[in-house]
Amino acid sequence: MNLEKYKGIIPAFYACYDELGEISESRTKELCNYLYKKGVKGLYVGGSSGECIYHSLEERKATLKYVAHQLKGKLTLIAHVGAPSTRDSVILAKYAEELGYDAVSAIPPIYFKFSESSVYKYWTEIMDATKMPFIIYNIPQTTGFDLSINLFKRLIENQKVIGVKNSSMPVMDIERFKATAGEDFIVFNGPDEQYVSGRIIGADGGIGGTYGVMPELFLMAEKFVSAGDFENARKIQHDINDIIVALCSLNGSLYSTIKEMLKLNGVYIGSVRAPLESVSGDDLNKIAGIKALIDNAIQKYKG
Ligand SMILES: CC(=O)N[C@H](C=O)[C@@H](O)[C@H](O)[C@H](O)CO
Ligand SMILES: CC(=O)C(=O)O
């Protein structure tokens, strides 16, 4: 299988709401166009950054549909279908297949503590439901489930597993997954703050929650890494991390901050769904300053 289409910068897609907080078709398509024009490789639709756990099944289907209608055949599209029940996850996976997504992906099941055998079964049932390639999503800091090498080994026996999106913080996990699965397998870097180190230790590309607000910087970081220019790669990662720390320093959720910043770029996709908190008060004034950090960094590395 040719895995080239998965290698590169893949922003995690944000939920796009209208003024009343309902999923908006036109705004979803607007964000699609915006990111497409930036030159990203693909999109990861309906994941954490997509606020998936706060959406009904119908809302999740709607977002999957609007993105596919806008970008199918233009970008690599990965559908995140993880849901509390296996049943809903399977429904979403089948729907993503109908829409022509390139791959499906899922977090482990959440809320209850699950054994490795339950998680194995959950992911396997999603895989069995379609003919699509599957990408494991390991994000222990939000799910409480840490993918072990033993479970990983069992999972990759299934030919449908083509990759893992690893968001655990030790970069060494990326190296271990890559070493275990071999070259013909995609490891996506999860923590945006470690994109460059993730790539150097073996990741083939990245899927990230902050790429959408500064795709230019991640595309440049990727260019530096591919060219072996580690001096500039390190410098741009440093600038990116200053920006991420600033983005995370406000009271509202990271995604509400990001959406306010996109507004400054002319892209209106509403705010976030509660309990995620919107940006308010003084914090609104700080956002222009964070945008300036991004714009300055883009200028600095251009050309
Ligand atoms: C824990 C979490 O949400 N991780 C995301 C996905 O891997 C990242 O892309 C973060 O959004 C990003 O690294 C900013 O902290
Ligand atoms: C990568 C990320 O943040 C997501 O799962 O949407």
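Residues numbered from 1 in each chain as written. Chains lettered and ligands numbered in written order. Predicted model: local features only at pLDDT ≥ 70, side-chain atom pairs only at ≥ 80, totals over all residues. Heavy atoms only, no water.

Time to look at the overall build of the protein chain. In terms of helices and strands, the protein chain carries 12 helices and 8 strands. Relative to the 2.2 N^0.38 estimate, which gives 19 Å for 303 residues, the radius of gyration of the protein chain is 18 Å and therefore close to what a compact globule would have. For the protein chain, the spread of C-alpha atoms along the principal axes amounts to about 50 × 45 × 35 Å. Expressed as a percentage of the 303 residues in the protein chain, the buried residues total 56%. A fraction of 73% describes how many contacts in the protein chain between residues 6 or more apart in sequence connect residues 24 or more apart. Looking at the protein chain as shown, the accessible area adds up to about 13000 Å², and 51% of this sits on carbon and sulfur atoms. Taking the average place of the 34 positive charges on the side chains of the protein chain and the average place of its 36 negative ones, the gap between the two points comes to 4 Å. (Helix = DSSP H or I, 4+ residues; strand = E, 2+ residues; numbered from the N terminus. Rg over C-alpha atoms; globule rule 2.2 N^0.38 Å. Buried < 20%, exposed > 50% of the residue type's maximum accessible area, 1.4 Å probe, protein only. Contact = heavy atoms within 4.5 Å. Areas by Shrake-Rupley, 256 points an atom, 1.4 Å probe, with all protein chains shown as cover. Lys, Arg positive; Asp, Glu negative; His and termini not counted. Charge placed at Lys NZ, Arg CZ, Asp CG, Glu CD.)

Around ligand 2, the neighbouring residues are Ala12, Tyr44, Gly47, Ser48, Ser49, Tyr137, Lys165, Ile207 and Gly209. Ser48 places a polar side-chain atom, nitrogen or oxygen, 2.8 Å from an oxygen atom of ligand 2. For ligand 2, an oxygen atom lies 2.6 Å from a polar atom in the side chain of Ser49. Considering ligand 2 on its own, with 220 Å² of exposed area, one finds that the protein chains cover 93% of that surface. For the shell around ligand 2, the class distribution of residues is 4 nonpolar, 4 polar and 1 charged. (Near = heavy atom within 4 Å. Polar contact = N/O pair within 3.5 Å; in protein donor to acceptor, adjacent residues only side chain to side chain. Nonpolar A, V, L, I, M, F, W, Y, C, P; charged D, E, K, R; others polar.)

The topology assignment puts Ala181 in helix α7 (residues 171–181). Sequence separation of Ala181 and Ile156 is 25 residues, and the distance between their C-alpha atoms is 7.2 Å. When residues no more than four places from it in sequence are discounted, the contact partners of Ala181 are Phe152 and Ile156.

If you look at the biggest cluster of nonpolar residues, it comprises 80 residues, and the most contacted ones within it are Leu31, Leu43, Tyr101, Trp123 and Met214. Counting residues per element, this core draws most heavily on helix α10 (residues 230–247), which supplies 7 residues. Among residues more than four places away in sequence, those in contact with Met214 are Ile240, Ile243, Ile244, Leu247 and Ile294. One finds Tyr6, Ile107, Ile135 and Phe188 within the second-largest nonpolar core, a separate group that totals 14 residues. (Core = buried A, V, L, I, M, F, W, Y, C linked by side-chain atoms within 4.5 Å.)

Moving on, we get to the site of ligand 1. Lining the immediate surroundings of ligand 1 are 13 residues, of which Lys165, Ser167, Asp192, Glu193 and Gly209 lie closest. Ser167 places a side-chain nitrogen or oxygen 2.5 Å from an oxygen atom of ligand 1. The contact in question runs from an oxygen atom of ligand 1 to an N or O atom on the side chain of Glu193, over 2.7 Å. Protein chains shield 84% of the accessible area of ligand 1, which is 390 Å² for the free molecule. Here ligand 1 is seated within the largest pocket. Grouping the amino acids of the shell around ligand 1 by side-chain chemistry returns 4 nonpolar, 6 polar and 3 charged. (1 Å grid on protein atoms, 1.4 Å probe; cavity = no way out; pocket = protein on both sides within 12 Å on 5 of 7 lines; lining within 4 Å. Sits in = over half its atoms within 2 Å of the grid points.)

This part is about the confidence of the model for the protein chain. Chain-level pLDDT for the protein chain is 97 on average; 100% of the residues reach the 70-or-more range. Interface predicted TM-score (ipTM) for the complex: 0.97; the corresponding pTM is 0.98. (pLDDT = per-residue confidence, 0-100.)

Between helix α6 (residues 149–156) and α7, the shortest axis-to-axis distance is 11 Å and the interhelical angle comes to 40°. Taken together, the axes of α6 and α7 lie oblique to each other. The two elements α6 and α7 meet at a crossing, and its hand is right-handed. Contact residues: Ile149, Phe152, Lys153 and Ile156 in α6; Arg176, Phe177, Thr180 and Ala181 in α7. (Axes fitted to C-alpha atoms, helices over the stretch in contact; angles between N-to-C directions. Parallel < 35°, antiparallel > 145°, perpendicular 65-115°, else oblique. Left-handed = near helix turned anticlockwise from the far one by under 90°.)

Take the pattern of salt bridges next. Following the criterion strictly, the structure yields 17 salt bridges and no others. In this structure, Glu51 engages Lys259 in a salt bridge whose closest nitrogen and oxygen atoms are separated by 2.8 Å. Of this pair, Glu51 sits in the loop between β2 (42–45) and α2 (57–71) while Lys259 sits in helix α11 (residues 254–264), and the two are 208 residues apart along the sequence. Taken individually, Glu51 and Lys259 each receive the classification buried, so the pair is uniform in this respect. The salt bridge involving Asp283 is made with Lys286; its shortest N-O contact spans 3.3 Å. Of the two residues, Asp283 and Lys286 both sit in helix α12 (residues 282–301), 3 residues apart, roughly one turn of that helix. With relative accessibility at 6%, the residue Asp283 sits in the buried group. For Lys286, a relative accessible area of 44% gives the class partly exposed. Overlapping salt bridges, with partners in common, bring together Glu231, Arg234 and Lys235 in one network. (Salt bridge = Lys/Arg side-chain N within 4 Å of Asp/Glu carboxyl O.)

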